[in-house]
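Chain by chain, the residues:
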There are 2 protein chains.
Amino acid sequence: MNDQPRSTARAGGRSARHAARSAALPDHLRPIRPGMSGGALNLLSQQDMERIHSAALDALERIGLADAPQSGVDYLVGAGCILGEDKRIRFPRALVEDTLARANRSVTLYSRDGKTDLELAGARVHYGTAGAAVHMVDVMGREYRDSTVQDLHDAARICERLDNIHFVQRPMVCRDIIDNFEMDMNTIYACCAGTYKHVGVSFTDPSYVAPAIEMLHMIAGSEANWRERPFVSNSNCFVVPPMKFATESCLVMEECIKHGMPVLLLSAGMAGATAPSTVAGAIVQAVAECLAGLVYVNAVKPGAPAIFGTWPFGLDLRTGAMTGGSGEQALLTAGCAQMHRFYDLPGGAAAGIADSKLPDMQAGWEQMCSNVMAGLSGLNMVYEAAGMHASLLGFCHESLILSDDLIGQALRCVRGIEVNDETLAVDQIAQVCLGGSGHYLGTDQTLGRMQADYVYPALGDRTSPKEWVEKEKPDLIAKAIARKEAILAERSAARFDAATDAAIRAKFNIHLPA
Amino acid sequence: MNDQPRSTARAGGRSARHAARSAALPDHLRPIRPGMSGGALNLLSQQDMERIHSAALDALERIGLADAPQSGVDYLVGAGCILGEDKRIRFPRALVEDTLARANRSVTLYSRDGKTDLELAGARVHYGTAGAAVHMVDVMGREYRDSTVQDLHDAARICERLDNIHFVQRPMVCRDIIDNFEMDMNTIYACCAGTYKHVGVSFTDPSYVAPAIEMLHMIAGSEANWRERPFVSNSNCFVVPPMKFATESCLVMEECIKHGMPVLLLSAGMAGATAPSTVAGAIVQAVAECLAGLVYVNAVKPGAPAIFGTWPFGLDLRTGAMTGGSGEQALLTAGCAQMHRFYDLPGGAAAGIADSKLPDMQAGWEQMCSNVMAGLSGLNMVYEAAGMHASLLGFCHESLILSDDLIGQALRCVRGIEVNDETLAVDQIAQVCLGGSGHYLGTDQTLGRMQADYVYPALGDRTSPKEWVEKEKPDLIAKAIARKEAILAERSAARFDAATDAAIRAKFNIHLPA
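This is a predicted model, so every value here is computed, not measured.

## Observations concerning the overall build of chain A
Item 1. Looking only at helices and strands, chain A features 19 helices and 19 strands.
Item 2. Taking 2.2 N^0.38 as the reference for a compact globule, 514 residues should give roughly 24 Å; the C-alpha atoms of chain A span a radius of gyration of 24 Å, in line with that estimate.
Item 3. If you line up chain A on its principal axes, its C-alpha atoms span 90 × 55 × 50 Å.
Item 4. Among the 514 residues that make up chain A, the fraction classed as buried is 64%.
Item 5. Taking the contacts inside chain A whose residues are at least 6 apart along the sequence as the reference set, 76% of them involve residues at least 24 apart.

In structure tokens:
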């Protein structure tokens, strides 16, 4: 029966595997893709979520939010909110429930070239950068230095080349540009000139929105093009937790909505400082604040695209300093993701933050913990997923590059376990065991799935100790540096055509060389 | 209303936090403990699990297992199995279902001093070492060298001091001991002399069990003491996948059962080589093989303590080499954990394996991915959770030490999110926002939870970039080396009393110096 020599069968398997590997897979057969659905992780029961919802409604009705700008007061009171003598705006339950019933259930975040649009809906998961780091991590020199517009542009160029980074919200501040207006304009330029993927920015002043939109119209080719496919969204820190509107940011938000720019309603409380220290309490407050934001957005323009951005952060209570690499952070983010699904609203939160200063083992475990839990919880937008160190103060290009492997692995977990007659494989087991080769390596079923089911790291090392020595013990960070240098040695493909670039530079003081 | 100056309130909070921190917590209030219940991660639906169960029953009935020893054939046929003309033993569905109904629902793995007994039941999670690495990782020299009995003893001593390592299954082979009998005896000695925690070993020959038990009776003080609280269990690779009994290991297993030693029914197929390449198929085969083992154990002695050890491993299909650090591995293990809960059987599987050769960023993300997913899936015994590199070929003391932080973080995630009136904190939010300090840092609720809710890393770094520079940029690996040296500078507290030690040494050739 078992008449085929085992060694021959395996050698045949090996050459067949090599042949299979060299054939490129069609896109729909890739093992991982943006927008795969999570949701297998449910840290909260249905009753837990109902209690969190009810507590958030309580907080909105009893406590409300202070410090809305006058325009916001008008919008909100017009919608049915109550302005108290203490100047706090309170939200009747029915108003919040009505808004939830009418709010958009999905948001499309467009790419500039249409190739990497993101459909935020259900439990579809996307990973990308975000943040406002003020330092660049120099891994060779083990130094933190001020981040620059060139660093930001380089980050966008690197993201453009990484399959598992799905969007580019600006992760760091251009500290070499002193003027705030120039910084905001150059942030848009540096990001969009580096990547076609969806870009996120954050305006510091409401008066900057109109000129920024002018630049975006130029990049898009026309206002109509921009409004049809807005490829930049704005991150609005519209609240100063606990339970206060951020007056200026609310005005920025109103401007963005008017110009057709999707907004991220970002509530960034710190559990134990500006939010309750309990995971559940921090989620309640973030949900309450974002519900307030949702009412606000829908009062400005019903159905305007908004992302429910409950971003509670963790705190090291021993020191009072922020920490983003903890298990508590992973729980905060995963719990928020579940609340987004509870509401069936497109949502985002922060994960992948390392407290470690360098891309070391600690950074690896910190980044994976919250990233994989966020994905398994079905978070639509996993912000700050790559490159973030020192509890958000530092950004690292090499770490960003390595995150492509890390997030690829997380995405494989999000994809989960397919169960059907073929994958259960009883017939295959019978075939192999009863008179077959006794081995699965060369079977058609194994060969057919070696690319469609398995994710292989680009820089992660899987050699045996013997091969590792033969390859002169490759260093992970050195490989990341080499990859970075190779990417940055090429000119960005996402640069604007010469006429557009000249027109932008005539209008704005662009710091990046042409 | 808000008449207390904010800076004073916060300073008061800080000193109060310092006071709270210095008070040691009673054990039941520690934020994380062995045996916390997981189960929030469910990658398989109920229907998926029923299909896997049904497929495993199919495989047992149609394909069965080859190569049982004669004693095993007798036990199994006596229990109702069918011996085919092809010498394969097939398992009628009713027999398997009956065994499942009668098998033990929990196993206690005893510690030697009674302080760290493990109750395997439900979704209770425990992390520990395991494996058979043949190399020791020298992180300073970036070298792989042969592992020795001293390395094994040192690993046990380090585990004894790490709160989040709950058991010590021998993670590496004493390659400096050539004789297999002496190696097995010295493995027991080296582990038990290093830790009071539950120890796991793996005998290479059935004839070694009786003398090993003699040593264990000496360590326990008497046979009665041993049988009352067996503090060593045996890992039985009782199958050679696919679907063949490992003849010798089955005989070892029979011996262990007779001597009151709990057994781990370990099925270690490699998906794509000795098991189907699909995650579901590899789980089906592992479940089928372990069900066969369960029938075997219960035929030898009904209700004998056995751990359902579905340990499928991943493979890099490009090279045919094993990989344990992948997303596919995390899925295999998490899926198996769910099947253990489906059967309500105490179970274990492998997680925490790094493919990386050194404790670098890759090792961090690889170890966290499968460790946290195993815990969230409610795996009773997370084997190989710490220190394992090069896809199980290398063990690293420094990585083991760092795993205490990594697993502590995973355990915090396993604990999950408590939702009740206190944690929802609406009253606290109201108090802080409406006339309070506007800040949670100094509140009683925050202070009261800073130790009970939050896990702080021992070696992981959370300093700001500024503090980090002031501390001269501490290196994670250097800190782990220092911790290792401090632990190993002390004599092991778990060493046997002089008379017992002398008696053991008179009877066995113990390689470790007295």
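## Structural notes on the nonpolar core
Item 1. Phe91(A), Phe245(A), Met373(A), Phe91(B), Phe245(B) and Met373(B) are the most contacted members of the largest nonpolar core, which totals 367 residues.
Item 2. Excluding its chain neighbours within four sequence positions, the residues that come into contact with Phe91(A) are Leu60(A), Glu61(A), Leu65(A), Leu76(A), Cys81(A), Val96(A), Phe245(A), Ala292(A) and Val295(A).

## Notes on the interface of chain B and chain A
Item 1. Across the contact, 121 residues belong to chain B and 119 residues belong to chain A.
Item 2. Contact with chain A buries area across many residues of chain B, yet Arg318(B), Met361(B) and Trp365(B) alone supply 9% of it, more than any other trio.
Item 3. Connecting chain B to chain A are 16 salt bridges.
Item 4. Residues Arg51(B) and Asp421(A) are paired through a salt bridge, measuring 2.7 Å at the closest nitrogen-oxygen approach.
Item 5. At the boundary of chain B and chain A, one finds 42 residue pairs in polar contact (both at pLDDT 80 or more).
Item 6. Per-element tally for the side of chain B that touches chain A: the top contributor is helix H12 (residues 361-376) of chain B, with twelve residues.

## Overview of the relation of the copies chain B and chain A
Item 1. For the pair chain B and chain A, the superposition axis carries a translation of 0.0 Å, the fit reaches an RMSD of 0.0 Å, and the rotation angle comes to 180 degrees. Here the copies are linked by what is in effect a two-fold axis.
Item 2. Same-surface contact between copies: 98% of interface residues of chain B are shared with the interface of chain A.

## With respect to the pattern of salt bridges
Item 1. By the definition in use, this model includes 56 salt bridges over all chains.
Item 2. Two residues, Asp453(B) and Arg449(B), come together in a salt bridge whose shortest N-O distance is 2.7 Å. Arg449(B) shares its class with Asp453(B); the two are buried.
Item 3. A network of salt bridges, in which partner residues are shared, links Arg415(A), Glu418(A), Glu422(A), Arg449(A) and Asp453(A).

## Concerning the state of the cysteines
Item 1. Here the structure, examined in full by the defined rule, presents zero disulfides over all chains.
Item 2. The cysteine Cys250(B) is free of any disulfide, with Cys237(B) supplying the nearest cysteine sulfur at 11 Å.
Item 3. The buried category is assigned to Cys250(B), whose relative accessible area is 0%.
Item 4. Here Cys413(B) stays free of any disulfide, with the sulfur of Cys369(A) as its closest cysteine sulfur at 3.7 Å.
Item 5. Judged by relative accessible area, which is 0%, Cys413(B) ranks as buried.

## Looking at the sheet that holds strand E18 (residues 388-389) of chain B
Item 1. Within the open sheet, the four strands sit side by side as E8-E7-E19-E18 (chain B). Their pairing is mixed. Each having just a single partner strand, strand E8 (143-146) and E18 of chain B make up the two edges of the open sheet.

## Side note on the layout of surface pockets
Item 1. Taken as a whole, the largest pocket spans an internal volume of roughly 750 Å³.
Item 2. Around the largest pocket sit 35 residues that line it, and Asp360(A), Asp475(A), Asp360(B), Asp475(B) and Ile477(B) are the ones nearest its centre.
Item 3. Secondary structure elements with two or more residues in the lining of the largest pocket: helix H12 (361-376) and helix H18 (476-489) of chain A together with H12 and helix H18 (476-489) of chain B.
Item 4. Ranked by residue count, the leading element in the lining of the largest pocket is H18(B), at five residues.
Item 5. When grouped by side-chain class, the residues that make up the lining of the largest pocket number 20 nonpolar, four polar and eleven charged.

## Remarks on the packing of helix H13 (residues 397-415) of chain A against helix H11 (residues 327-343) of chain B
Item 1. In contact at an axis separation of 8 Å, H13(A) and H11(B) are set at 35 degrees when each is read in the N-to-C sense. With respect to the hand of their crossing, H13(A) and H11(B) are arranged in right-handed fashion. Contacts between H13(A) and H11(B) involve Gln409(A), Arg412(A) and Cys413(A) on the former and, on the latter, Gly327(B), Glu328(B), Ala330(B) and Leu331(B).
Item 2. A class-by-class count of the residues in the contact of H13(A) with H11(B) yields three nonpolar, two polar and two charged.

## A few points about unusual backbone geometry
Item 1. Going from Pro241(A) to Pro242(A), the amide bond is cis rather than trans, its omega being 5 degrees.
Item 2. For Pro242(A), the location among the structural elements is in the loop between strand E11 (232-236) and helix H9 (247-258).
Item 3. We note that Met243(B) has phi near 60 degrees; this positive angle belongs to a residue other than glycine.
Item 4. Within the secondary structure layout, Met243(B) lies in the loop between strand E11 (232-236) and helix H9 (247-258).
Item 5. We note that Ala425(B) has phi near 65 degrees; this positive angle belongs to a residue other than glycine.
Item 6. You can see Ala425(B) is positioned in the loop between helix H14 (421-424) and helix H15 (426-433).
Item 7. Judged by relative accessible area, which is 3%, Ala425(B) ranks as buried.

## Section: the environment of Ser377(B)
Residue and element names in this part refer to chain B.
Item 1. Assignment of secondary structure puts Ser377 in the loop between H12 and strand E17 (381-383).
Item 2. We classify Ser377 as buried; its relative accessible area is 1%.
Item 3. Look past the residues within four positions of Ser377 in its chain and what remains in contact with it is Gly39, Leu41, Ala334, Ala337 and Arg341.
Item 4. At 2.8 Å, the side chain of Ser377 and the backbone oxygen of Met373 are in polar contact.

## Overview of the confidence of the model for chain A
Residue and element names in this part refer to chain A.
Item 1. When pLDDT is averaged along chain A, the result is 94, and 95% of the positions lie at 70 or above.
Item 2. Every residue in residues 1-12 scores below 50 in pLDDT, and together they form nine contacts with partners more than four places removed in sequence or on other chains.
Item 3. ipTM for the predicted complex: 0.95, alongside a pTM of 0.96.

## Thoughts on the packing of aromatic side chains
Residues and elements named next belong to chain A.
Item 1. Here the structure, examined in full by the defined rule, presents 24 aromatic pairs over all chains.
Item 2. Between Tyr75 and Tyr296, the ring centres sit 6.5 Å apart and the planes meet at 40 degrees, which makes this aromatic pair tilted. Of the two residues, Tyr75 sits in helix H3 (residues 70-79) while Tyr296 sits in helix H10 (residues 279-300), which places them 221 residues apart along the sequence.
Item 3. On the basis of relative accessible area, Tyr75 is assigned to the partly exposed category, the value being 26%.
Item 4. Look at Tyr296 and you get buried, because its relative accessible area is 0%.
Item 5. When the centroid spacing of 5.3 Å and the interplanar angle of 70 degrees are considered together, the rings of Phe167 and Tyr383 count as edge-to-face. Here Phe167, found in strand E9 (residues 167-169), pairs with Tyr383, found in strand E17 (residues 381-383); they are 216 residues apart in sequence, far enough to count as distant. The burial state of Phe167 is the same as that of Tyr383; both residues are buried.

## Here's the deal with the pairing of E11(A)
Residues and elements named next belong to chain A.
Item 1. Burial of E11 is extensive: five of the five residues sit out of reach of the surface.
Item 2. Side-chain alternation along E11 places Val232, Asn234 and Asn236 on one buried face and Ser233 and Ser235 on a second face that is also buried.
Item 3. As paired strands, strand E10 (residues 198-201) and E11 are joined by three bridges and run parallel to one another. Note on E11: the bridge partner recorded for Val201 is Asn234.
Item 4. Here E11 runs beside strand E12 (residues 263-267); their pairing, made up of three bridges, is parallel. Its bridge partner being in E12, Asn234 is matched across the sheet by Val263.

## Comments concerning helix H7 (residues 209-220) of chain B
Residues and elements named next belong to chain B.
Item 1. With twelve residues, H7 should cover 16 Å at 1.5 Å per step; its first-to-last C-alpha distance of 16 Å lies within 8% of that length.
Item 2. Of the positions making up H7, those classed as buried are Val209, Pro211, Ala212, Ile213, Met215, Leu216, His217, Ile219 and Ala220.
Item 3. Those residues of H7 hidden inside the fold are in contact with helix H6 (180-192), helix H8 (223-228), E11, H9 and helix H19 (498-507).
Item 4. At the exit of H7 stands Gly221, carrying a positive phi of roughly 105 degrees.

## A look at the pairing of strand E6 (residues 124-129) of chain B
All names here are of chain B.
Item 1. In terms of burial, E6 is largely enclosed, as five of its six residues are buried.
Item 2. Inspection of the sheet shows strand E1 (residues 36-37) paired to E6 by two bridges, in the antiparallel sense. Bridging across to E6, Ser37 finds its partner in Arg124.
Item 3. Where E6 meets E17, two bridges bridge the pair, whose relative direction is parallel. If you follow Tyr127 over to E17, its bridge partner there is Val382.
Item 4. Where E6 meets strand E9 (residues 167-169), two bridges bridge the pair, whose relative direction is parallel.

## What about the packing of helix H2 (residues 46-62) of chain A against helix H11 (residues 327-343) of chain A?
Residues and elements named next belong to chain A.
Item 1. Relative to each other, H2 and H11 sit at 85 degrees, their axes nearing to 10 Å. Between H2 and H11, the angle falls in the class roughly perpendicular. Residue-level contacts link Gln46, Met49, Glu50, Ile52 and His53 of H2 to Gln338, Met339, Phe342 and Tyr343 of H11.

Reading the values: rules and limits
Residues numbered from 1 in each chain as written. Chains lettered and ligands numbered in written order. Predicted model: local features only at pLDDT ≥ 70, side-chain atom pairs only at ≥ 80, totals over all residues. Heavy atoms only, no water. Helix = DSSP H or I, 4+ residues; strand = E, 2+ residues; numbered from the N terminus. Rg over C-alpha atoms; globule rule 2.2 N^0.38 Å. Buried < 20%, exposed > 50% of the residue type's maximum accessible area, 1.4 Å probe, protein only. Contact = heavy atoms within 4.5 Å. Core = buried A, V, L, I, M, F, W, Y, C linked by side-chain atoms within 4.5 Å. Buried area = accessible area lost by both parts, 1.4 Å probe. Salt bridge = Lys/Arg side-chain N within 4 Å of Asp/Glu carboxyl O. Polar contact = N/O pair within 3.5 Å; in protein donor to acceptor, adjacent residues only side chain to side chain. Least-squares fit on C-alpha atoms with pLDDT ≥ 70 in both. Disulfide = S-S within 2.5 Å. Pairing = 2+ DSSP bridges. 1 Å grid on protein atoms, 1.4 Å probe; cavity = no way out; pocket = protein on both sides within 12 Å on 5 of 7 lines; lining within 4 Å. Points joined across faces, edges and corners; volume = space filled by probe spheres on them. Nonpolar A, V, L, I, M, F, W, Y, C, P; charged D, E, K, R; others polar. Axes fitted to C-alpha atoms, helices over the stretch in contact; angles between N-to-C directions. Left-handed = near helix turned anticlockwise from the far one by under 90°. pLDDT = per-residue confidence, 0-100. Phe/Tyr/Trp six-rings, centres within 6.5 Å; stacked < 30°, edge-to-face > 60°. Expected span 1.5 Å × (residues − 1). Parallel < 35°, antiparallel > 145°, perpendicular 65-115°, else oblique.

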